[in-house]
Amino acid sequence: MRGLQGKNVLVTGGSSGIGQAIAVRFAEYGANVAINYLGHAQEGAETEEQVQACVRRVRQEGVRDVLVQGDVSKEDDVVRMVDQAVSELGGLDVLVNNAGIQISRPSHELSTKDFDKVLGVNLRGAFTCAREAIGWFLQGEKPGVIINVSSVHQRIPKPNFLGYSVSKGGMQNLTTTLALEYAGRGIRVNGIGPGATITPINRAWIDDPQKKAQVEEHIPMARAGTADEMAGVTCFLASDDAAYITGQTLYVDGGLTLYPSFRDPWSSE
Ligand code: NAD
């Protein structure tokens, strides 16, 4: 893909699922990659094996890599993490805000602690990473790109996952507002909106054929997506082929955002 060779990329939550596929795909296109990992047991955290597997796959491509530990919900960690990525890679051209968690609870039973926890990772984390990256882009007077890994749930409500839904709705506004604010200074901000994707965050259904079939029957293309399919679109948005695109979220969802229940007309016949 045009314009990715030699670029320096930071991927948050970059060792598992969609983040790992993104880190590996950037490396395949010749970009150097800083892989952020959480590094301690917490809901939604990666395993040590995932971190090592990701590093191995990135190194196979012969690009520079750096592992950066950090919790994106902690401001100090984010500042250190972006500094480390910049100093060890020798600069920063692309930030991928991918780290994300979800907590399932009926909304009337959801504690403020759990609500804040999801928002802290998915939305405030994306903001602080973006702020630090933009500061660096402006200081270096170089163009920069931010890709937010959002979700179809930035548009489709997700009952029992209120914090998640709200965080992704906020992410849409993070994308559009930052895109508008910095468009004149060479910084593009876009998002991808994955639909149901085969990754560890969906461990509740991916290995259960019956539950998987139940999920897939709602998807117009009749299958879940792969992390690799999310990675390709992320790299496209970061590439020079997308040089005139900013403020957009590209849904990568097999048609999930097309109101599938309207496939067979029922409302006016
Ligand atoms: P995953 O659980 O495999 O990956 C999540 C990653 O985030 C892990 O690497 C984890 O270590 C990291 N993470 C969690 N908390 C963190 C923190 N505080 N600081 C730093 N890293 C942290 O799941 P995934 O499906 O690959 O999710 C990646 C992104 O894709 C998330 O933002 C998720 O909301 C989004 N998404 C996934 C799906 C799907 O169906 N899998 C659909 C839509 C959107």
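Structure shown above.
Residues numbered from 1 in each chain as written. Predicted model: local features only at pLDDT ≥ 70, side-chain atom pairs only at ≥ 80, totals over all residues. Heavy atoms only, no water.

Colleague: Summarise the nonpolar core; cite the residues concerned and give the values.
Modeller: Ranked by size, the top nonpolar core spans 34 residues in total, and within it Leu10, Ala34, Val72, Leu92, Leu95, Ile146 and Leu178 carry the most contacts. Those elements that place two or more of their residues in this core are strand S3 (65-69), helix H3 (75-89), helix H4 (112-139), helix H5 (162-182) and strand S6 (187-194). No other element matches the 10 residues that H4 contributes to this core. Sequence-distant contacts of Ile146, defined by excluding residues within four places in its chain, comprise Leu95, Asn97, Ala130, Ile134, Phe137, Arg188, Val189 and Asn190. Ranked by size, the runner-up nonpolar core spans 32 residues in total, among them Val9, Val55, Val63 and Ala231. (Core = buried A, V, L, I, M, F, W, Y, C linked by side-chain atoms within 4.5 Å. Buried < 20%, exposed > 50% of the residue type's maximum accessible area, 1.4 Å probe, protein only. Helix = DSSP H or I, 4+ residues; strand = E, 2+ residues; numbered from the N terminus. Contact = heavy atoms within 4.5 Å.)

Colleague: Residues and numbers for the side chain of Glu216, please.
Modeller: Here Glu216 lies in helix H6 (residues 209-216). Sequence-distant contacts of Glu216, that is, excluding residues within four places in its chain, are made with Ala222, Arg223 and Ala224.

Colleague: Please provide a residue-by-residue account of empty space enclosed by the protein, values included.
Modeller: Enumeration over the complete set of coordinates arrives at one cavity of 30 Å³ or more. Taken together, Thr12, Val72, Asn97, Asn98, Ala99, Val121, Asn122, Gly125, Ala126 and Cys129 form the lining of the largest cavity. The element contributing the most residues to the lining of the largest cavity is H4, with five residues. Considered class by class, the residues forming the lining of the largest cavity number five nonpolar, five polar and no charged. (1 Å grid on protein atoms, 1.4 Å probe; cavity = no way out; pocket = protein on both sides within 12 Å on 5 of 7 lines; lining within 4 Å. Points joined across faces, edges and corners; volume = space filled by probe spheres on them. Nonpolar A, V, L, I, M, F, W, Y, C, P; charged D, E, K, R; others polar.)

Colleague: Quick rundown of the side chain of Lys168? Include the residues and the values.
Modeller: Residue position: Lys168 is located in helix H5. At 3.1 Å, the side chain of Lys168 forms a polar contact with the backbone oxygen of Val149. Excluding its chain neighbours within four sequence positions, the residues that come into contact with Lys168 are Asn122, Val149, Ser150, Ser151, His153 and Gln154. (Polar contact = N/O pair within 3.5 Å; in protein donor to acceptor, adjacent residues only side chain to side chain.)

Colleague: Tell me about the packing of aromatic side chains, and name the residues and values.
Modeller: Going through the model one piece at a time under the given rule, you end up with one aromatic pair. A ring pair is formed by Phe262 and Trp266, whose centres lie 4.8 Å apart and whose planes are at 40 degrees; its orientation type is tilted. The exposure class of Trp266 is exposed, given its relative accessible area of 52%. Seen from the ring of Phe161, Lys158 lies directly overhead, with NZ or CZ sitting 4.0 Å from the centre. Here Lys158 stacks its cationic end above the ring of Tyr164, 5.0 Å away from the centre of that ring. (Phe/Tyr/Trp six-rings, centres within 6.5 Å; stacked < 30°, edge-to-face > 60°. Lys NZ or Arg CZ within 6 Å of the ring centre and 35° of its normal.)

Colleague: How would you summarise the site of the ligand if you had to cite specific residues and measurements?
Modeller: Lining the immediate environment of the ligand, one finds 31 residues, of which Ser16, Glu46, Asp71, Tyr164 and Thr199 sit closest. Contact distances for the ligand include 2.5 Å between an oxygen atom and a side-chain N or O atom of Ser16. Listing elements by their share of the shell around the ligand, those giving two or more residues are helix H1 (17-28) and H5. Each residue belonging to the shell around the ligand can be placed in one class, and the counts come to 13 nonpolar, 15 polar and three charged. (Near = heavy atom within 4 Å.)

Colleague: Hey, could you go over the pattern of salt bridges for me, with residue numbers and the actual values?
Modeller: In the structure shown here, the tally under the stated rule is 12 salt bridges. Two residues, Arg25 and Glu28, come together in a salt bridge whose shortest N-O distance is 3.9 Å. Of this pair, Arg25 and Glu28 both sit in helix H1, three residues apart, roughly one helical turn. Judged by relative accessible area, which is 16%, Arg25 ranks as buried. (Salt bridge = Lys/Arg side-chain N within 4 Å of Asp/Glu carboxyl O.)

Colleague: How would you sum up the environment of Asn97? Please name residues and give values.
Modeller: Note that Asn97 resides in strand S4 (residues 94-97). With 33 residues separating them in the primary sequence, Asn97 and Ala130 have C-alpha atoms 7.8 Å apart. When neighbours within four sequence positions are excluded, Asn97 is seen to be in contact with Thr12, Gly125, Ala126, Cys129, Ala130, Ile146, Ile147, Asn148, Val149 and Met171. Among the polar contacts listed, one links the side chain of Asn97 to the side chain of Asn148, at a separation of 3.0 Å.

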